[in-house]
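Summary of the model geometry
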Amino acid sequence: GNSVTQMEGPVTLSEEAFLTINCTYTATGYPSLFWYVQYPGEGLQLLLKATKADDKGSNKGFEATYRKETTSFHLEKGSVQVSDSAVYFCALSDRTNAGKSTFGDGTTLTVKP
Amino acid sequence: GAGVSQTPSNKVTEKGKYVELRCDPISGHTALYWYRQSLGQGPEFLIYFQGTGAADDSGLPNDRFFAVRPEGSVSTLKIQRTERGDSAVYLCASSLRGGPGETQYFGPGTRLLVL
């Protein structure tokens, strides 16, 4: 079955540091890949997505590239802010099970001023 | 516009009781999903509706769990004979048509505690 493995947290960075959160996946066929974010006290919301190999999703300074050869979708940001402190979830959905998204366990990011 | 709403936001019940959790999706979204999130874990798929019908219920853990969406809009997740292990946050999401690359819009969740 499908699975998503995320870098274990928590991750603590200083403001303006470079962020990478690793995500690798196992899926049948060619899934769509997502990063969701959950800010403190709020619900899950989409951060970015990529629907085919070599696509790059980007939003709010975050980027992730769909790498089919390494089955990865690592999240990066060049300079984090305190307001980026949140839990980040990597997820996939595949064409044979369109409604069923599979999520990683989440990575908690804390950015200190 | 209004997002996905869920009621109640919190529910405390006793072991063995019956509970209903409600989800009101974004207007016009035909696809609706239920997930369960335990502490420290990612959301776990339960069931997916396309319109009024359950297109995939493979994530329901056992026959104590049941969900309906009779008019293709609001959905209710029903849990019979609740157990302490059912304690979790139950998330609902909706998307426009339910395709694999579509964005799912999540509600704030219902936090269920079974004593």
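Shown above is the structure to which this text applies.
Scope of this entry: the structure provided in the associated data block. (Residues numbered from 1 in each chain as written. Chains lettered and ligands numbered in written order. Predicted model: local features only at pLDDT ≥ 70, side-chain atom pairs only at ≥ 80, totals over all residues. Heavy atoms only, no water.)

1. Observations regarding the overall build of chain B
This is how it is decided: Note on conventions: DSSP H or I runs of at least 4 residues are helices, E runs of at least 2 residues are strands, and numbering of each starts at the N terminus. Our radius of gyration is a C-alpha quantity, and the globule rule it is checked against amounts to 2.2 Å times the number of residues to the power 0.38. For each residue, the accessible area found with a 1.4 Å probe, counting protein chains only, is set against the maximum for its type, and the residue is called buried under 20%, exposed over 50%, and partly exposed in between. The contact criterion used is simple: two residues touch if any of their non-hydrogen atoms lie within 4.5 Å. What sets the accessible areas is the Shrake-Rupley method with a 1.4 Å probe; for residues, cover comes only from the shown protein chains. In this tally, Asp and Glu contribute negative charge and Lys and Arg positive charge; neither His nor the terminal groups of the chain are included. Where a charge sits is defined by one atom per residue type, namely NZ (Lys), CZ (Arg), CG (Asp) or CD (Glu).
Of regular secondary structure, chain B possesses zero helices and eleven strands. Each helix (α) and strand (β) of chain B, taken in turn from the N terminus, gives the series β-β-β-β-β-β-β-β-β-β-β. For 115 residues, the compact-globule formula gives about 13 Å, and the C-alpha radius of gyration of chain B, at 13 Å, lands near that figure. For chain B, with 115 residues in total, the buried portion stands at 49%. Here the contacts in chain B between residues at least 6 apart in sequence split such that 55% fall between residues at least 24 apart. In the form shown here, chain B has an accessible surface area of approximately 5,500 Å², with 49% of it arising from carbon and sulfur atoms. Of the charged side chains in chain B, 12 are positive and 11 negative; the average position of the first set lies 6 Å away from that of the second.

2. Comments concerning the overall build of chain A
Within chain A, the regular secondary structure consists of zero helices and twelve strands. Counting from the amino terminus, helix and strand elements in chain A follow one another as β-β-β-β-β-β-β-β-β-β-β-β. The C-alpha radius of gyration computed for chain A amounts to 14 Å, which stays within 12% of the reference 13 Å derived for 113 residues, consistent with globular compactness. Judged by the C-alpha coordinates and their principal axes, chain A covers about 45 × 25 × 20 Å. Considering chain A as a whole, with its 113 residues, one finds that 45% of them fall into the buried category. For chain A, the share of sequence-separated contacts (at least 6 apart) that also reach a separation of at least 24 residues comes to 56%.

3. Some points on the pattern of salt bridges
Our working definition: We define a salt bridge as a side-chain nitrogen of Lys or Arg found within 4 Å of a carboxyl oxygen belonging to Asp or Glu.
Applying the stated criterion to the full structure yields nine salt bridges over all chains. Between Asp84(A) and Lys77(A) there is a salt bridge whose closest N-O contact spans 2.8 Å. As far as the burial class goes, Asp84(A) and Lys77(A) line up, both buried. As a salt-bridge pair, Glu83(B) and Arg64(B) come within 3.5 Å of each other at their nearest N and O atoms. With Glu83(B) in the loop between β8 (75–79) and β9 (88–95) and Arg64(B) in the loop between β6 (53–56) and β7 (65–68), the pair connects residues that are 19 residues apart, well separated along the chain. Of the residues examined, Arg64(B) reaches a relative accessible area of 7% and is grouped as buried. Three or more residues joined by partner-sharing salt bridges are found here, namely Arg64(B), Glu83(B) and Asp86(B).

4. Examining the sheet that holds β8(B)
Sheet strands associate in pairs through backbone hydrogen bonding, adopting either a parallel or an antiparallel arrangement. All names here are of chain B. Stated formally: Pairing between two strands requires that DSSP report at least two bridges joining them. A fitted line through C-alpha atoms represents every axis, and for helices the fit uses only the stretch in contact; the resulting angles, taken between N-to-C directions, go from 0 to 180 degrees.
Taking strand neighbours across the sheet as the criterion, the four strands line up as β1-β3-β8-β7 in an open arrangement whose pairing is antiparallel. The sheet is open, and its two borders are formed by β1 (5–7) and β7, each paired with just one other strand. If you compare each strand with its neighbour and ignore which way they point, the axes differ by 15° on average. As judged from the three bridges shared by β1 and strand β3 (residues 19–24), these two strands associate in the antiparallel manner.

5. Observations concerning the side chain of Arg36(B)
In this structure, Arg36(B) sits in strand β4 (residues 31–37). For Arg36(B), the contacting residues outside a window of four places in its chain are Gly42(B), Pro43(B), Glu44(B), Leu46(B), Pro61(B), Phe65(B), Gly85(B), Asp86(B), Ala88(B), Val89(B) and Tyr90(B).

6. Some thoughts on the state of the cysteines
Residues and elements named next belong to chain A. Put simply, the test is: Cysteine sulfur atoms are paired as a disulfide whenever they come within 2.5 Å of each other.
Inspection of the entire model under this criterion finds two disulfides over all chains. Through a disulfide, Cys23 is tied to Cys90; the S-S separation comes to 2.0 Å. Between Cys23 and Cys90 the disulfide shows an S-S torsion of about -70°. By sign, it is left-handed. Note that Cys23 is positioned in strand β4 (residues 23–26) and Cys90 in strand β10 (residues 86–93), a separation of 67 residues in sequence.

7. Some points on the interface of chain B and chain A
Short version of the rule: A 1.4 Å probe defines the accessible area here, and the buried area is the portion of it lost by two parts on being joined, summed over both. Under the scheme applied here, ten amino acids are nonpolar (Ala, Val, Leu, Ile, Met, Phe, Trp, Tyr, Cys and Pro), four are charged (Asp, Glu, Lys and Arg), and all others, including Gly, are polar.
Between chain B and chain A, the residue contacts involve 21 residues of the former and 21 residues of the latter. Three residues, Pro43(B), Pro100(B) and Phe106(B), lead the burial of chain B against chain A; their summed loss comes to 33% of the area buried on that side. Taken together, the links from chain B to chain A amount to one salt bridge. Where Lys100(A) meets Asp56(B), a salt bridge forms, and the shortest distance between an N and an O atom there is 3.9 Å. Those elements giving two or more residues to the side of chain B that touches chain A turn out to be β4 and β5 (44–50) of chain B. It is β4(B) that contributes the most residues to the side of chain B that touches chain A, three residues altogether. Taken together, the residues that form the side of chain B that touches chain A break down as eight nonpolar, eleven polar and two charged.

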